[in-house]
Amino acid sequence: METFEYLRFLAALVLVVGLIAGAAWAARRFGLAPRVTSSGSGRLAVVSVQAIDTRRKLVLVRRDDREHLIIVSPTAETVIETGIQAVETAQ
């Protein structure tokens, strides 16, 4: 009976991991997950994106050596703070 319980546990674990992987795939496929990419060669880059709620996002944008904090919604964009000194990250 102990072997059956281990197999049942393993099957449940595989099912849960599969559901998580499916949800991640669906989020990327339908645009629910933010895609932040930076080539590093341009003057303009999106540093970070944070969802505030279902409609608004907080975006940190880097231009040259300055960063700007912006709230983006479907109806408007609002600059929260501008001229923030960019912090260099060690890679």
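Below is a short write-up of the structure. Everything numeric in this text was worked out from a predicted model, so none of it was measured.

Conventions and cut-offs
- The numbering scheme is per chain: residues are counted from 1 as the chain's sequence reads.
- Since the coordinates come from a predicted model, pLDDT governs what is reported: local features require at least 70, and pairs of side-chain atoms require 80 or more to be given and counted, while whole-chain, interface and lining totals use all residues.
- Each side-chain value is worked out from all heavy atoms of the structure, with water and hydrogens disregarded.
- Think of it this way: any DSSP run of H or I at least four residues long counts as a helix, any run of E at least two long counts as a strand, and we number them from the N terminus.
- Should any heavy atoms of two residues lie within 4.5 Å, those residues are considered in contact.
- Residue-level accessible areas treat just the shown protein chains as cover; the underlying method is Shrake-Rupley with a 1.4 Å probe.
- How far a helix is expected to stretch is found by multiplying one less than its residue total by 1.5 Å.
- Patch rule: a residue counts if its relative accessible area is over 30% and it has no salt bridge; like charges are joined within 9 Å, and nonpolar side chains (Val, Leu, Ile, Met, Phe, Trp, Tyr) within 5 Å.
- We define a salt bridge as a contact between a side-chain nitrogen of Lys or Arg and a carboxyl oxygen of Asp or Glu at a distance within 4 Å.
- Accessibility here uses a 1.4 Å probe with only protein chains present; expressed as a share of the type maximum, an area under 20% marks a residue as buried, one over 50% as exposed, and anything in between as partly exposed.

Points about the overall build of the protein
Part 1 of the argument: Tallying secondary structure elements over the protein gives one helix and four strands in all.
Part 2 of the argument: Traced from its N-terminal end to its C-terminal end, the protein shows the element sequence α-β-β-β-β.
Part 3 of the argument: A separation of at least 24 residues holds for 3% of the contacts in the protein among residues at least 6 apart in sequence.
Part 4 of the argument: Total accessible area on the protein is roughly 7,800 Å²; 61% of this is exposed by carbon and sulfur atoms.

Describing the environment of Arg63
Part 1 of the argument: Its place among the elements puts Arg63 in strand S2 (residues 57–63).
Part 2 of the argument: Sequence separation between Arg63 and Ala86 is 23 residues; the distance between their C-alpha atoms is 8.9 Å.

Brief notes about unusual backbone geometry
Part 1 of the argument: A positive phi angle is found at Asp64, which is not glycine, with a value near 55°.
Part 2 of the argument: Relative to the helices and strands, Asp64 is located in the loop between S2 and strand S3 (66–72).

Considerations on helix H1 (residues 2–29)
Part 1 of the argument: Between its terminal C-alpha atoms H1 stretches 41 Å, which fits the 40 Å expected from 28 residues at 1.5 Å a residue.
Part 2 of the argument: After H1 finishes, the residue Gly31 shows a positive phi value of roughly 75°.

Looking at a nonpolar patch on the surface
Part 1 of the argument: On the surface, a nonpolar cluster with roughly 610 Å² of combined accessible area is contributed by Leu7, Phe9, Leu10, Leu13, Val14 and Val17.
Part 2 of the argument: Relative to the helices and strands, Leu10 is located in helix H1.
Part 3 of the argument: Exposure remark for Leu10: the relative accessible area of 47% places this residue in the partly exposed category.

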